[in-house]
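Results of the structural survey
Residues per chain are reported as follows:
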Amino acid sequence: MKKAAIALLFTLTLAIAGCGNKAEDADSSKKSADDKTGSESAANTENGEGPLADGVLNVGTNAEFPPFEFVGDDGEPDGFDMALIKAIGEKMGVEVTVENMEFDSLVASIGSKIDVAIAGMTITDERKNMVDFSDEYYEAVQYVIVPADSEIASAADLEGKNIGVQLGTTGDFIVEDIKDATAAQYNKAVDAVNDLRNGRVDAVIIDKNPAQVFGEQFKDEIKLFDGESAEFGFEKEYYAIALPKGDEELAKSVNDALAEIKADGTFDELVKQYIEN
Ligand code: GLN
């Protein structure tokens, strides 16, 4: 009886010791990244967990936001943000895996399903209550898309209108403040634009670069307004990578990598390749 108990204790001790050794074994570290669930901290380096310890940075995105992220021909997320985070991962010396999910779920999934999120995500005070942000990497503003023959030409014209937005985005938050307007919320930006073309919504409010991509795609049917113009008066926004709250070591590692990529010209090359092409 006693012997068996000691043997069991010994086995358990070995098992527990094994769990702490993730960083030493690439295979088990990968498995631990896949197994992350619930409230387990994804990036707590001090406990030997998280991307810096296990060598895998699990990144969440919403691949519905060209040119920053879209589903490539091979079915995998592609775009500026994907190339940027892979370059950052390389500098950090970690493997990058990407999880494609709804934009609205990203912030809440940091620290459980994913380690960080990159998704053309604007730094906002509300999000800062839940996550930290890296240094900013891109300036943006909301654009207004309307049918080519629409009479909408100012913020006042949007009052009382049915406006398509991506759920949980800054465009969605702007509509909340427009008098008597209704937000038609979509998970995919392209669905909002298609409903605009079908006459189901009066306007779409979405970030500048995706708006320009759609503007090009449906040139004859839609027109765009720069939200920064006096007619609309929307504020500038800044994109950053969303990080687990309080993980200063991870934030430093990501920011150092971002700074290096900016300094060595990689960042500008990616802008040319994905955004200014
Ligand atoms: N920049 C917007 C936001 O952060 C939209 C991002 C997106 O739709 N991917 O809310």
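Residues numbered from 1 in each chain as written. Predicted model: local features only at pLDDT ≥ 70, side-chain atom pairs only at ≥ 80, totals over all residues. Heavy atoms only, no water.

Two side chains with opposite charge may pair up if their charged atoms get near one another. In total, this model carries 8 salt bridges according to the counting rule given. Through salt bridges with shared partners, a single ionic network connects Lys91, Glu260 and Asp264. (Salt bridge = Lys/Arg side-chain N within 4 Å of Asp/Glu carboxyl O.)

Bringing the site of the ligand into the picture now. Surveying the vicinity of the ligand reveals the residues Phe65, Phe103, Ala119, Gly120, Met121, Thr122, Arg127, Gln166, Thr169, Thr170, Asp207 and Tyr239. For the ligand, a nitrogen atom lies 2.8 Å from a polar atom in the backbone of Gly120. Gln166 is positioned with one of its side-chain polar atoms (N or O) 2.7 Å from an oxygen atom of the ligand. For the ligand, the accessible surface in isolation is 300 Å², of which the surrounding protein chains cover 100%. Comparing atom positions with the cavity grids shows the ligand to sit within the largest cavity. Within the shell around the ligand, the residues separate by chemical class into 5 nonpolar, 5 polar and 2 charged. (Near = heavy atom within 4 Å. Polar contact = N/O pair within 3.5 Å; in protein donor to acceptor, adjacent residues only side chain to side chain. Areas by Shrake-Rupley, 256 points an atom, 1.4 Å probe, with all protein chains shown as cover. 1 Å grid on protein atoms, 1.4 Å probe; cavity = no way out; pocket = protein on both sides within 12 Å on 5 of 7 lines; lining within 4 Å. Sits in = over half its atoms within 2 Å of the grid points. Nonpolar A, V, L, I, M, F, W, Y, C, P; charged D, E, K, R; others polar.)

This brings us to the packing of aromatic side chains. Summed over all chains, the structure comprises 12 aromatic pairs. Their ring planes at 70 degrees and their centres at 5.4 Å tell us that Phe68 and Tyr138 sit as a pair that is edge-to-face. Of the two residues, Phe68 is situated in the loop between strand E2 (64–65) and strand E3 (69–71) and Tyr138 in strand E8 (residues 138–140); the sequence distance between them amounts to 70 residues. For Phe68, a relative accessible area of 0% corresponds to the buried category. Overall, the relative accessible area of 17% leaves Tyr138 in the buried class. The interplanar angle of 25 degrees and the centroid separation of 6.4 Å between the aromatic rings of Tyr138 and Tyr239 together place this pair among those described as stacked. One end of the pair, Tyr138, is in strand E8; the other, Tyr239, is in strand E14 (residues 237–239), and 101 residues separate them in sequence. Residues Tyr138 and Tyr239 agree in their burial class; the two are buried. An aromatic cluster of three or more residues is present, and its members are Phe65, Phe68, Phe80, Tyr137, Tyr138, Tyr239 and Phe267. (Phe/Tyr/Trp six-rings, centres within 6.5 Å; stacked < 30°, edge-to-face > 60°. Helix = DSSP H or I, 4+ residues; strand = E, 2+ residues; numbered from the N terminus. Buried < 20%, exposed > 50% of the residue type's maximum accessible area, 1.4 Å probe, protein only.)

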